[in-house]
Structures are given as C-alpha cells and as structure tokens.
Amino acid sequence: MKQLQEDLMEAGEKLPRYESDGDFGKETEDGLKAFQSRHDLTVDGIAGPNTLEKLKEVIKDMAQQQPNESHKEAWEWAQEKGLLNGKDPRKPITREQMSTVMKRLYDELKK
C-alpha cells in the first residue's frame, strides 16, 4: 500500500495529510480517483490492472522527462512560442517562474 501511495505522489497526486502511511484511507482513495480522472480511466478508487499500468507508464514518462501524451501538444506549442524552455516538462515551477511564463504569453498575445 505504501508503494501505491508513493507512486501516486510521484505521479503528481496530492496526499498532504498522511502521505505514504501504508493505510488505504479516504485520502489515498481520493488521490487514486483524481489520478484515474486525469488519465481517462474508470474512476472507481480501485487500484486495478489498468490503473496500475497507467501509473507505471506515467512514472516512466516522468523519469524520462517527457510530457504526458495528453499534454504533449500544449508543451510543444509553449516551447515553439518561447513561453517555456525545452527542459523538465514534469518539474513543478515556482510562482516567480509562472510570472515569467505569463509575461511571455502576454507579450505573445500583443503581437
């Protein structure tokens, strides 16, 4: 159970209260449902074979620093427009960095 929780967090889901405590409680179920919803899986809160396979795929993509397929088009557009650099598509950004992205987007829209 603890590994499932760690994998969910690595895939970007939030388990802020208990993190990876090894107990499948409401927080883990909600994180699992959020993951399923984001990845067009059946949202049932059950870590079945399809969910586990998708979780493994997402973590592998993140390790390779490739954008998730559902975000690839937007990522490539943002790079092409000079809004984001070509590095670390899965790495979180700070508010400071987000301000830079917003400014670049604003400048792009003014053209």
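Each remark here, short or long, concerns the structure printed above.
About the criteria used
- Residues numbered from 1 in each chain as written.
- Predicted model: local features only at pLDDT ≥ 70, side-chain atom pairs only at ≥ 80, totals over all residues.
- Heavy atoms only, no water.
- Helix = DSSP H or I, 4+ residues; strand = E, 2+ residues; numbered from the N terminus.
- Contact = heavy atoms within 4.5 Å.
- Areas by Shrake-Rupley, 256 points an atom, 1.4 Å probe, with all protein chains shown as cover.
- 1 Å grid on protein atoms, 1.4 Å probe; cavity = no way out; pocket = protein on both sides within 12 Å on 5 of 7 lines; lining within 4 Å.
- Points joined across faces, edges and corners; volume = space filled by probe spheres on them.
- Nonpolar A, V, L, I, M, F, W, Y, C, P; charged D, E, K, R; others polar.
- Salt bridge = Lys/Arg side-chain N within 4 Å of Asp/Glu carboxyl O.
- Polar contact = N/O pair within 3.5 Å; in protein donor to acceptor, adjacent residues only side chain to side chain.
- Core = buried A, V, L, I, M, F, W, Y, C linked by side-chain atoms within 4.5 Å.
- Buried < 20%, exposed > 50% of the residue type's maximum accessible area, 1.4 Å probe, protein only.

Engineer: Any chance you could explain the overall build of the protein here in plain terms?
Structural biologist: Secondary structure summary: the protein contains 5 helices and 0 strands in total. Principal-axis analysis of the C-alpha atoms gives the protein an extent of 50 × 25 × 25 Å. In the protein, 26% of the contacts between residues at least 6 apart in sequence involve partners at least 24 apart. Accessible surface computed for the protein: about 8100 Å², of which carbon and sulfur atoms make up 50%.

Engineer: How should the layout of surface pockets be read in this particular structure?
Structural biologist: Over the atoms rolls a probe the size of a water molecule, and its path tells where empty space is left. Taken as a whole, the largest pocket spans an internal volume of roughly 1000 Å³. In terms of lining, the largest pocket is formed by 35 residues, of which the most central are Asp88, Pro89, Arg90, Lys91 and Pro92. At the level of elements, α1 (2–10), α3 (49–63), α4 (72–80) and α5 (95–110) are the ones that each hand at least two residues to the lining of the largest pocket. Its residues assigned to classes, the lining of the largest pocket shows 18 nonpolar, 8 polar and 9 charged.

Engineer: Sorry, what's going on with the pattern of salt bridges here?
Structural biologist: Note on pairing: side chains with opposite charge can pair once their charged atoms come close. Tallied over the full model, the rule gives 8 salt bridges. The salt bridge involving Glu29 is made with Lys33; its shortest N-O contact spans 3.3 Å. Here the residue Glu29 and the residue Lys33 both occupy positions in helix α2 (residues 26–38), the gap between them amounting to 4 residues, near one helical turn. Several salt bridges share partner residues, and in doing so they unite Lys81, Glu108 and Lys111 into one network.

Engineer: Is there a simple way to explain the side chain of Glu13 in this structure?
Structural biologist: Relative to the assigned elements, Glu13 resides in the loop between α1 and α2. Side chain to side chain, Glu13 and Arg38 meet in a polar contact 2.7 Å long. Glu13 has contacts with Leu8, Gly31, Ala34, Phe35 and Arg38, leaving out every residue within four places of it along the chain.

Engineer: Is there a simple way to think about the nonpolar core in this case?
Structural biologist: Among soluble globular proteins, nonpolar side chains are generally buried collectively. In this structure, Leu4, Leu8, Ala11, Leu32, Phe35, Leu55, Val58, Ile59 and Met62 together form the largest nonpolar core, which totals 9 residues. With 4 residues, α3 is the single largest residue contributor to this core. Non-local contacts of Leu32, meaning those with residues more than four positions away in its chain, are made with Leu4, Leu8, Phe24, Gly45, Ile46, Ala47 and Thr51.

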